[in-house]
Amino acid sequence: MVRLRRTGGGYFCKPFAGQCGGGIFKFIVEKDHCLIDGKLFSKEQAKEEIISRLRGDHYIIQDLVEQHDVINAIYDKSINTLRLITIYNKRNDCVIPLSGVLRIGANGNVVDNWAKGGLAVGVDLNTGKLNKYGLYKHGCGTKTDCHPNSGVKFEDVTLPYFQEAIEQAKRLHYGLKGIKVIGWDIAFTKDGPMFIEGNDNMEVSINQETNGGLKKVFENCI
């Protein structure tokens, strides 16, 4: 049964075993209507639509994150997350950050996934500053130095709470050190980093395309 009780509440729904942004949608409950991926529905219509989308699969339903103004200024229709790869170094019993990339939605999409036409921008691990260029996945475009919708230049952006995100990822991975490599998806809110999920089978190509190959770095960490 689907019950829409909250007014002004936002939710993000994704298939439990999904990947690359497939099947994801968001809905917002207002007093007299609902918005599903930005489209207006009455509450009764929304119930039918949500039931139809959820049918036949297992979904995770999360409260919608309110992201930091710095990230919103780049693109505000999706939660734009940092994909941070960390590796556990058994020899030194520590966790090392390998590579970071900010994934950014575009052109009306409510997800930031590269496979859905989003952009990937490399991040300097020492400063949290974005690289000059954002890259599209092959087949979706080439590269750009600014967001196609907001016009924000990537090299002018430094991620808020970046070092806090790095340190928290290291602590979390150390508690899961049976997993050699983890790709974290991290949102940035006004109160700090928020960890959305950790992936043990992350699409490493997005980090290598934006920041260069990781083979030598990886080999130095094992």
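Please refer to the structure placed before this passage.
Here we summarise the structure given alongside this text. (Residues numbered from 1 in each chain as written. Predicted model: local features only at pLDDT ≥ 70, side-chain atom pairs only at ≥ 80, totals over all residues. Heavy atoms only, no water.)

So, helix H1 (residues 43–54)
Its 12 residues give H1 an end-to-end C-alpha distance of 16 Å, which sits within 8% of 16 Å, the value for a rise of 1.5 Å per residue. Among all positions in H1, only Ala 46, Ile 50 and Leu 54 are buried. All buried residues of H1 project into a common sector of 60° when viewed along the axis, lining one side. Away from its buried face by more than 90 degrees, H1 exposes Glu 44 and Glu 48. Where the residues of H1 are buried, they touch strand E2 (25–29), strand E3 (34–36), strand E4 (39–41) and strand E5 (59–63). (Helix = DSSP H or I, 4+ residues; strand = E, 2+ residues; numbered from the N terminus. Expected span 1.5 Å × (residues − 1). Buried < 20%, exposed > 50% of the residue type's maximum accessible area, 1.4 Å probe, protein only. Arc of directions from axis to C-beta. Contact = heavy atoms within 4.5 Å.)

A look at the nonpolar core
If you look at the biggest cluster of nonpolar residues, it comprises 24 residues, and the most contacted ones within it are Leu 82, Ile 104, Leu 130 and Leu 159. Sorting the residues of this core by element identifies helix H2 (69–74), strand E6 (82–89), strand E7 (94–104), strand E8 (119–123), strand E9 (130–136), helix H3 (162–174) and strand E11 (181–189) as the ones contributing at least two each. Not counting residues up to four positions away in its chain, the partners in contact with Leu 130 are Ile 74, Leu 102, Val 121, Gly 122, Val 123, Phe 154, Glu 155, Val 157 and Leu 159. Core analysis: the next-biggest nonpolar cluster, separate from the first, contains 11 residues, Val 29, Phe 41, Ile 50 and Leu 54 among them. (Core = buried A, V, L, I, M, F, W, Y, C linked by side-chain atoms within 4.5 Å.)

Topic: the sheet that holds E7
Strand order across the open sheet formed by seven strands is E10-E9-E8-E7-E6-E11-E12, with antiparallel pairing between neighbours. At either end of the open sheet lies a strand with only one pairing partner, and these are strand E10 (143–144) and strand E12 (192–199). As paired elements, E9 and E10 share two bridges and run antiparallel to each other. If you follow Leu 135 over to E10, its bridge partner there is Lys 143. H3 contacts E6, E7, E8, E11 and E12 of the sheet and is inclined by roughly 45° relative to E6. (Pairing = 2+ DSSP bridges. Axes fitted to C-alpha atoms, helices over the stretch in contact; angles between N-to-C directions.)

Structural notes on the pairing of E12
Within a regular strand, the side chains alternate between the two sheet faces. Where E11 and E12 come together, seven bridges link them in antiparallel fashion. Among the inter-strand pairings, Trp 184 is bridged to a residue of E12, identified as Gly 198. Between the antiparallel neighbours E11 and E12 lie two residues.

Describing H3
In this model, H3 (13 residues) spans 19 Å end to end at C-alpha, consistent with the 18 Å of a helix rising 1.5 Å per residue. Regarding H3, the residues found buried are Phe 162, Ala 165, Ile 166, Ala 169 and His 173. Along the axis of H3, the buried positions cluster into a sector of 100°, meaning they face one direction only. In this structure, the buried residues of H3 make contact with E6, E7, E8, E11 and E12.

Here we look at the packing of aromatic side chains
Applying the stated criterion across every chain, the model contains two aromatic pairs. Ring centres of Tyr 88 and Tyr 174 lie 6.3 Å apart, and the angle between their planes is 70°; this geometry places the pair in the edge-to-face category. One end of the pair, Tyr 88, is in strand E6; the other, Tyr 174, is in helix H3, with 86 residues separating them in the sequence. Residue classification places Tyr 174 among the partly exposed positions, given a relative accessible area of 35%. Ring geometry for Trp 184 and Phe 195: centres 5.6 Å apart, planes at 75°, overall edge-to-face. Remark: Phe 195 occurs in strand E12 and Trp 184 occurs in strand E11; sequence separation between them is 11 residues. (Phe/Tyr/Trp six-rings, centres within 6.5 Å; stacked < 30°, edge-to-face > 60°.)

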